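Working through the structure, step by step
Listed below, chain by chain, are the residues.
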Amino acid sequence: MSELLTEAAAVSAGGSAEDVAARRKLPVLFWVSLGWLVLVAVLAVVAGVLPLPRPTETGAGPARMGPSAQHWLGTDSLGRDMLSRTIYGARVSLLVGFTSIAAGLLVGGTIGVLAGYYRGRFETVAMGAMDVLLAFPSLVFALALVSFLGPRLSTVILAIGVLSVAPIARVVRASTLTFAQREFVLAARTVGAKNRRIIVSEILPNVVPAALSFALVAVAVAIVAEGALSFLGLSVAAPTATWGSMINEGRTLLQEAPHISFVPSAAMFLTVLALNFAGDALQARFDVREGRL
Amino acid sequence: MSGRFIGRKVLQLVPVLFAVSALSFLLLNLLPGDPTVAILGPSATTEARVRLRHELHLDRPLVTRYVHWVGQTATGDLGKSYVSGQPTTEALRQRLPVTLELLALSQLLALVLAVPLALLAARRPGALLDRVSTSAAFGFLAVPNFMLGVLLVYLFAVRFRFFPATGYTALTENPASNLRSLVLPSFTLGVAELAVYLRLLRSDLIATLAQDYIAMAKAKGLPAWQVLLRHALRPSTFSLVTVAGLNLGRLVGGAFVVEYLFSLPGIGALTVESIFKRDYVVVQGTVLLVAVGYVLANFLVDLLYGILDPRVRHVRAAH
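Residues numbered from 1 in each chain as written. Chains lettered and ligands numbered in written order. Predicted model: local features only at pLDDT ≥ 70, side-chain atom pairs only at ≥ 80, totals over all residues.

With that out of the way, let us pick up the overall build of chain B. A count of helical and extended segments in chain B gives 14 helices and 0 strands. Scanning chain B from its N terminus toward the C terminus, one meets helices and strands in the order α-α-α-α-α-α-α-α-α-α-α-α-α-α. If you line up chain B on its principal axes, its C-alpha atoms span 85 × 55 × 35 Å. Looking at chain B as a whole, 38% of its 319 residues qualify as buried. (Helix = DSSP H or I, 4+ residues; strand = E, 2+ residues; numbered from the N terminus. Buried ≥ 20, exposed ≤ 12 C-beta atoms within 10 Å, placed from the backbone.)

Set out below in structure tokens:
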């Protein structure tokens with residue numbers, strides 16, 4: 001996932017130069033995407049009070065049934081309600097996506113700002129360490145970490161969070177570098193502001209929007225990574241509903257009940273697409289660049 | 001290519017290889033509780049556990065173990081499976097060709113489709129073909145490979161029985177059915193790469209085509225296709241090579257998923273099987289192999305830049 005993120009930065013940096021006009025106003029697609037994300041997030045939060053069968057309740061309806069009035073998205077091979085499972089699956093995906101990237105932002109962002117501001121030996125060492133982290137093939141790293149520590153929600157978040165540190169640190173450093181040379185920083189220093197103050201009140205307000213918009217794309221990548229792990233059966237254990245494990249469960253029933261795989265696929269696809277759209281729109285606006293290699 | 005350029009790259013390789021090997025080594029230490037219990041299971045006798053403890057040198061200090069382990073690894077000994085008794089290196093040797101073939105085919109597929117599409121799209125930016133291919137690429141980027149794989153199986157193996165959904169025939173056994181069994185897997189793995197390469201090469205081509213020497217070539221009356229192929233393509237492939245190299249890591253990760261999905265007997269499937277069998281020594285071996293392979297592949301890509309773009313040898317010296 002780290003190489004994915006690096007490349008996401010490279011690709012969007014290439015695209016952002018194309019239309020200057022789009023930078024002024026956020027496109028309609030951004031608001032549609034945001035709407036979908038809010039809908040999914042709200043459903044995930046209030047899942048417990050929705051009038052739905054429990055996601056783990058087997059025999060809530062006849063097994064392998066397509067969408068109907070009782071079960072809007074049908075039932076799976078054990079007769080569990082697919083709508084309920086999809087909404088509860090969103091909980092896992094969003095929780096993993098946002099917490100791991102939040103942790104990555106905290107650690108990677110701090111490293112990036114300090115490296116970009118102070119430069120010198122700290123920068124060399126820190127960025128060298130980041131390069132080493134990036135040298136590991138990411139999904140394999142996550143797979144190894146999760147399988148040796150034991151597949152649990154916390155280890156999945158840890159593994160994906162660790163993987164997000166290096167790409168985030170790189171982007172934040174590149175962004176810090178450009179702002180640290182600007183005249184307002186020089187002005188602040190001339191009037192006697194200390195480093196800490198310059199970082200907090202001059203650098204951070206400029207770097208944070210760019211970092212957050214990159215983080216949205218990172219969340220999408222994190223959700224896909226969690227999906228891959230749970231597809232392989234290496235995320236939160238069954239019978240907890242996750243999108244990846246639901247897709248995997250439906251795989252053997254593609255002939256008679258393709259909806260079992262397709263419903264969670266659609267949910268994940270739309271969520272990832274929405275995060276990408278929203279992140280891209282914001283990156284174009286805040287002009288995120290990753291000092292391209 | 002100068003020897004100093006290669007020498008510097010080799011020097012950069014050393015710490016990375018150290019870190020990668022140390023991390024793979026430390027994996028066994030991450031096992032919660034007593035690693036001998038985790039490996040042998042709770043029903044193992046004390047005697048067997050003591051023997052394993054000794055075999056894995058768990059009774060020695062960490063640094064000694066690491067040095068010993070590196071030494072063993074260098075001689076091609078990655079330990080043996082505690083489930084089947086098979087040496088890890090032998091298992092890896094059996095499984096590696098499948099993974100390599102899958103990786104090569106999907107990378108090939110992505111490049112073979114991306115280059116002509118990008119050329120066609122860049123020739124008339126904003127035209128129908130350009131817009132369709134660009135937005136399709138964006139859409140495909142949002143499709144995780146496990147999802148795409150399931151969709152392809154549904155379409156081409158369940159609905160229309162063009163290709164087998166699972167299973168694998170060795171290349172030496174029957175080349176035709178070997179390829180048939182790899183069509184869906186390589187497509188699943190290659191599509192995201194295709195999308196990335198297409199987007200990248202297209203935007204780089206458009207940038208290159210705006211350069212003065214292209215106008216010059218056109219002014220000399222060279223045919224459009226010759227300008228595209230002979231003047232614009234090579235200078236535009238720089239980011240493509242970079243990303244193709246970086247992507248190897250994702251491809252390997254993706255290969256794990258795709259092998260599992262299509263029951264291909266490669267390294268990825270071996271890893272996943274071994275994880276479920278708690279065969280941790282084998283997992284450690286596959287992780288090391290994949291990580292070192294990835295690092296070396298990236299190293300080769302780095303050298304390749306030097307050939308493609310001579311400026312790198314000098315400009316990057318400062319980096």
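Take the overall build of chain A next. Counting secondary structure elements, chain A contains 11 helices and 0 strands. Put simply, chain A runs from its N terminus to its C terminus through helices and strands in the order α-α-α-α-α-α-α-α-α-α-α. For chain A, the residues scored as buried account for 54% of the 293 residues in total. Counting contacts in chain A only where the partners sit at least 6 residues apart, residues at least 24 apart contribute 73% of the total. (Contact = placed C-beta atoms within 7 Å.)

Turning next to the interface of chain B and chain A. Counting residues at the interface gives 46 residues for chain B and 41 residues for chain A. Going through the elements one at a time, α1 (3-30), α7 (145-159), α8 (175-209), α11 (238-262), α12 (267-276) and α13 (280-308) of chain B are the ones with two or more residues in the side of chain B that touches chain A. At 12 residues, α11(B) tops the list of elements feeding residues into the side of chain B that touches chain A. Here the residues of the side of chain B that touches chain A are counted per class, giving 36 nonpolar, 8 polar and 2 charged. (Nonpolar A, V, L, I, M, F, W, Y, C, P; charged D, E, K, R; others polar.)

With that settled, consider the environment of A:Glu256. Relative to the helices and strands, A:Glu256 is located in the loop between α10 (243-250) and α11 (259-286). Along the chain, A:Glu256 and A:Tyr88 lie 168 residues apart, while their C-alpha atoms are 24 Å from each other.

Turning our attention to the nonpolar core. Core analysis: the largest hydrophobic core is formed by 159 residues, its most contacted members being A:Val140 and A:Ala142. Sorting elements by how many residues they give to this core places helix α9 (residues 195-231) of chain A first, with 20 residues. Two domains each put at least three residues into this core: domain 1 (3-74) and domain 2 (91-277) of chain B. The residues contacting A:Val140, other than those within four sequence positions of it, are B:Val252, B:Gly253, B:Phe256, B:Val287, B:Val290 and B:Ala291. (Core = buried A, V, L, I, M, F, W, Y, C linked by C-beta atoms within 7 Å. Domains from an automatic or database assignment.)

Most peptide bonds adopt trans geometry, and most residues besides glycine take a negative phi value. All names here are of chain B. Here serine 263, not a glycine, exhibits a phi torsion of approximately 50°, which is positive. When the 14 C-beta atoms within 10 Å are taken as the criterion, serine 263 is described as partly exposed. Its identity is not glycine, yet arginine 278 carries a phi of approximately 55°, on the positive side. With respect to the element layout, arginine 278 can be found in the loop between α12 and α13. Arginine 278 sits in the partly exposed class, given 16 other C-beta atoms within 10 Å.

Further remarks concern the confidence of the model for chain A. All names here are of chain A. Counting all residues, the mean pLDDT for chain A is 86, and 89% of those residues have values of 70 or more. Of all the helices and strands in chain A, helix α1 (residues 2-16) carries the lowest mean pLDDT, 47, while helix α4 (residues 82-118) carries the highest, 95. Here residues 7-22 is modelled with pLDDT under 50, and outside its nearest four sequence neighbours on either side it reaches 32 contacts, counting other chains as well. (pLDDT = per-residue confidence, 0-100.)

Residues and elements named next belong to chain B. Per-residue pLDDT for chain B averages 84, and the proportion of residues at 70 or more is 95%. Mean pLDDT per element in chain B: helix α14 (residues 311-315) is the minimum at 54, and helix α5 (residues 88-123) is the maximum at 91. Contacts for the low-pLDDT stretch residues 315-319, under 50 throughout, to residues beyond four places or in other chains number 0 contacts. For this predicted complex, the interface confidence comes out at an ipTM of 0.83, alongside a pTM of 0.86.

Before going further, it helps to spend a moment on the packing of α9(A) against α11(A). Residues and elements named next belong to chain A. For the pair α9 and α11, the least separation of the axes is 8 Å and the interaxial angle reads 160°. Between α9 and α11, the angle falls in the class roughly antiparallel. Crossing handedness for the pair α9 and α11: left-handed. Where α9 approaches α11, its residues Pro209, Ala210, Ser213, Phe214, Leu216, Val217, Val219, Ala220, Ile223, Val224 and Gly227 are matched on the opposing element by Met268, Thr271, Val272, Leu275, Asn276, Ala278, Gly279, Leu282, Gln283 and Phe286. A class-by-class count of the residues in the contact of α9 with α11 yields 15 nonpolar, 6 polar and no charged. (Axes fitted to C-alpha atoms, helices over the stretch in contact; angles between N-to-C directions. Parallel < 35°, antiparallel > 145°, perpendicular 65-115°, else oblique. Left-handed = near helix turned anticlockwise from the far one by under 90°.)

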